[in-house]
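Descriptive structure summary
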Amino acid sequence: MTNTTTTTVATSTTSTTAAAGATAAAGTTSTTGARTVAAYAAPAPKAPLEKTVITRRALGEHDILIDVRYAGICHSDIHQVGEDWGDGIFPMVPGHEIAGVVAETGPGVTRWAVGDRVGVGCFVDSCRECDNCRAGLQNYCTGTPGAVFTYNGVGRDGEPTYGGYSAQLVVDEGYALRIPDELELDVAAPLLCAGITLYSPLTHWGAGPGKKVAIVGLGGLGHMGVKIARAKGAEVTVLSQSLRKREDGLRLGGHHYRATSDPATFTELAGTFDLIVNTVSADLDLSAYLGLLKTDGTLVQVGAPEKPVSVNAHALLTGRKSLAGSMIGGLPETQEMLDFCAAHGIGAEIELISADRINEAYERVLASDVRYRFVIDASTI
Ligand code: NAP
Ligand code: ZN
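Residues numbered from 1 in each chain as written. Chains lettered and ligands numbered in written order. Predicted model: local features only at pLDDT ≥ 70, side-chain atom pairs only at ≥ 80, totals over all residues. Heavy atoms only, no water.

Looking at the overall build of the chain
- Along its length, the chain carries 11 helices and 19 strands.
- By the compact-globule yardstick of 21 Å for 381 residues, the chain fits well, its C-alpha radius of gyration being 21 Å.
- If one aligns the C-alpha atoms of the chain with their principal axes, the spans along those axes are about 70 × 40 × 35 Å.
- Each of the 381 residues in the chain was classed as buried or not, and the buried ones make up 56%.
- Contacts in the chain between residues far apart in sequence, at least 24 positions, make up 67% of those at least 6 positions apart.
- As displayed, the chain has an accessible area near 15,400 Å², and 51% of this comes from carbon and sulfur atoms.
- Charge-centre separation for the chain: the mean point of 30 positive side chains lies 6 Å from the mean point of 42 negative side chains. (Helix = DSSP H or I, 4+ residues; strand = E, 2+ residues; numbered from the N terminus. Rg over C-alpha atoms; globule rule 2.2 N^0.38 Å. Buried < 20%, exposed > 50% of the residue type's maximum accessible area, 1.4 Å probe, protein only. Contact = heavy atoms within 4.5 Å. Areas by Shrake-Rupley, 256 points an atom, 1.4 Å probe, with all protein chains shown as cover. Lys, Arg positive; Asp, Glu negative; His and termini not counted. Charge placed at Lys NZ, Arg CZ, Asp CG, Glu CD.)

Below is the structure:
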C-alpha cells in the first residue's frame, strides 16, 4: 500500500470522528497522531457508497495500524447500509472481512511487528471481563457495552467505528488475527466473517465423518460452509435455489447438490440430515427444512433476514429437532479456523473488484449473482 501516513501535520484538532466529505486529504497526521484515511462510505441509509476521508485515532499503547490490502463484501454490509436490522450510524464505512499488514505498532504492543499479515473480523473490542470474553467467546460478550462491531458500532472512546472499506485501520492488538503464510491475503479476507460464521457451527454441532450436513444457500457464507464441512469429513449436500450453480457446488466440495425450487427435494431428502446450516439472507420456510432433518437433528440459522423467522411447532416436535442460531465466532476459534483453512488449502472463491465497483457489487449480491465473494482491492480506495 502506498498511501501510508506521511509526516504532514494537519492544523486540526483532536477530533477522531469520521468526516464523510471532509476536505482534509487522506494521508495526513494531526499533532495528536490521528490520521486521515481514504475510505468508501454510505452517507445515508440505502445511499450508494462514495469515496470519502475518515479519521483514524492516534495509536494507543496497545493499538496497531493496519494497511488494509483487501476487504470482503458481506451481505451483512448491505443489510446494515439498508438499515434492515435497525438504525445505523452514518456515514457508514462497512467492511468486516479485512486482511492487511501491520504498518505501525503502539509502544506497548507485544503480539505484532511491522510487516505481520493480519486479519480483522466483525468486532474490534469487547468488555474482556464477562464469562464469555474470558472463555474466548468475545462475539457473545455480555458485558457493557458488549462486542464492539468493526463498523456501525461505538468504541471505548465514544466514537463510531468505521470498517474495512478503507486504506488503513487502527485496532487493539488483541483483536487482530494472524493470517498464515499459506493463505493469500485476498482469499483470506472473507474467512474473517464468512469463514468463521460457518466454521463455528460446523464445529459446535460436530460436522465430521459419518455426519450428513446440508448447507442452504451457495453464496459467500454457503460456499465456505461447503468447503469447511467437506474438509471436516462430513457428507455434504448443497441446497441451492436452482441447478444453476450445480457444477460449482460439487467442485467446491459438495457430494450432492439439490435445487430447493424442486418440491421433490423436500420429499426425497426428508429425514436425511444430522445438521443443516441455513445461510440464506431472505425468509425461508424453515418448517420445510426441519423436515429434512433426522431425529435429533439440528437446523442452525446463520442467515440474518430482516423479518422474524417462524416455524410450525409440529416440525420441531416430530423427531425432537432443534432450531439454533450462531453468530460469527470468538477470537481463539477464529484463529483456529484460519489455521484449519491454511492446513486444508481453503480460501474463498473471490471476484476481486476496484472500490469504484462497490455499488455494482451490492446489486449483484442482492441478485444472488456472486461467485462467491466480492473482495475490494484496497489499493484502489
Ligand atoms: P450472499 O452471498 O448473498 O448469499 C446468500 C445466498 O442465499 C444466495 O447466494 C442465495 O444462494 C441464497 N438466497 C438469497 N436470496 C434467497 C431467496 N430469496 N430465497 C432462497 N435463497 C436465497 O450472502 P452472505 O454474505 O453469504 O450472507 C448470508 C446471510 O448471512 C445474510 O443475511 C448475512 O447478513 C448473514 N450473516 C450472518 C452472520 C452470522 O454471524 N450469523 C455472519 C455473516 C453474515 P442460492 O442462489 O444458492 O440459493
Ligand atoms: Zn459478514
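Quick notes on a nonpolar patch on the surface
- A grouping of L137, Y140, F149 and M327 is seen on the molecular surface, where their side chains present a nonpolar patch of about 310 Å² in accessible area.
- We classify L137 as partly exposed; its relative accessible area is 33%. (Patch = residues over 30% accessible without salt bridge, like charges linked within 9 Å, V, L, I, M, F, W, Y side chains within 5 Å. Salt bridge = Lys/Arg side-chain N within 4 Å of Asp/Glu carboxyl O.)

What about the coordination of the zinc ion (ligand 2)?
- Around the zinc ion (ligand 2), the protein contributes the donor atoms C74 (SG), H96 (NE2) and C193 (SG), at 2.0 to 2.2 Å from the metal centre.
- Of note, the donors binding the zinc ion (ligand 2) are all from one chain and are spaced C-x21-H-x96-C. Of the two residues, H96 is situated in the loop between α1 (75-81) and β6 (98-105) and C193 in the loop between α3 (185-188) and α4 (194-204); the sequence distance between them amounts to 97 residues. (Donors = N, O, S within 2.8 Å, 3.2 Å for Na, K, Ca; no water.)

Digging into the domain arrangement of the chain
- On domain assignment, one finds that the chain holds domain 1 (6-193 + 330-335 + 346-380) and domain 2 (195-325).
- Placing a centre on the C-alpha atoms of domain 1 and another on those of domain 2 gives a separation of 30 Å.
- If you look at the interface, domain 1 gives 18 residues, while domain 2 gives 25 residues.
- Buried area between domain 1 and domain 2, summed over both chains or domains, comes out near 1,900 Å², and the portion from carbon and sulfur atoms is 50%.
- Taken as a group, E333, I346 and Y372 account for 33% of the area that domain 1 buries against domain 2, more than any other trio of residues on that side.
- Our count for the domain 1 to domain 2 interface comes out at 3 salt bridges.
- The partner of R251 in a salt bridge is E349, with the nearest N and O atoms 3.2 Å apart.
- Applying the counting rule to domain 1 against domain 2 returns 15 residue pairs in polar contact (both at pLDDT 80 or more).
- Looking at the side of domain 1 that touches domain 2, the elements that each hand over two or more residues are α1 and α10 (331-343).
- In terms of residue class, the side of domain 1 that touches domain 2 is made up of 8 nonpolar, 5 polar and 5 charged. (Domains from an automatic or database assignment. Buried area = accessible area lost by both parts, 1.4 Å probe. Polar contact = N/O pair within 3.5 Å; in protein donor to acceptor, adjacent residues only side chain to side chain. Nonpolar A, V, L, I, M, F, W, Y, C, P; charged D, E, K, R; others polar.)

A word on the site of ligand 1
- Near ligand 1 there are 29 residues, and of these H75, H79, L218, S240 and R373 occur at the shortest range.
- Side-chain polar atom of H75 to an oxygen atom of ligand 1: 2.7 Å apart, as the coordinates give it.
- Within the backbone of G220, a nitrogen or oxygen atom sits 2.9 Å from an oxygen atom of ligand 1.
- For ligand 1, the accessible surface in isolation is 910 Å², of which the surrounding protein chains cover 90%.
- Looking at the shell around ligand 1, the elements with two or more residues in it are α1 and α5 (220-231).
- Residue composition of the shell around ligand 1, by class: 13 nonpolar, 14 polar and 2 charged.
- Each of domain 1 (6-193 + 330-335 + 346-380) and domain 2 (195-325) contributes no fewer than three residues to the shell around ligand 1. (Near = heavy atom within 4 Å.)

So, helix α11 (residues 358-366)
- Listing the buried residues of α11 in full gives I358, A361, Y362 and V365. Mapping the buried residues of α11 onto a view down its axis gives an arc of 105 degrees, with all of them on the same face.
- S368 lies just past α11 and shows a positive phi near 55 degrees. (Arc of directions from axis to C-beta.)

Side note on the side chain of K232
- Within the secondary structure, K232 sits in the loop between α5 and β13 (235-240).
- Non-local contacts of K232, meaning those with residues more than four positions away in its chain, are made with Y199, L202, T203, A207, G208, P209 and F340.

Remarks on the environment of Q168
- Inspection of the secondary structure puts Q168 in strand β10 (residues 168-172).
- Measuring from C-alpha to C-alpha, the distance between Q168 and R371 comes to 27 Å, with 203 residues separating the pair along the chain.
- Side-chain polar atoms of Q168 contact the side chain of D67, separated by 2.8 Å.

A look at the sheet that holds strand β16 (residues 293-301)
- The strand order across the open sheet formed by 6 strands is β14-β13-β12-β15-β16-β17, and the pairing between neighbours is parallel. In this open sheet, the two strands that pair with only one neighbour each are β14 (256-259) and β17 (322-325). Strand-to-strand, the axes of this sheet are offset by a mean angle of 20 degrees, without reference to chain direction.
- Its contacts with the sheet put α4 on β12 (212-216), β15 (273-278) and β16, and the angle it makes with β15 is roughly 160 degrees. (Pairing = 2+ DSSP bridges. Axes fitted to C-alpha atoms, helices over the stretch in contact; angles between N-to-C directions.)

Concerning α10
- The terminal C-alpha atoms of α10 lie 18 Å apart, and with 13 residues this matches the ideal 18 Å at 1.5 Å per residue to within 8%.
- Those residues of α10 that are buried lie in contact with β8 (123-125), β11 (177-178), α4 and α5.
- Positioned one or two residues after α10, G345 has a phi angle of 65 degrees, which is positive. (Expected span 1.5 Å × (residues − 1).)

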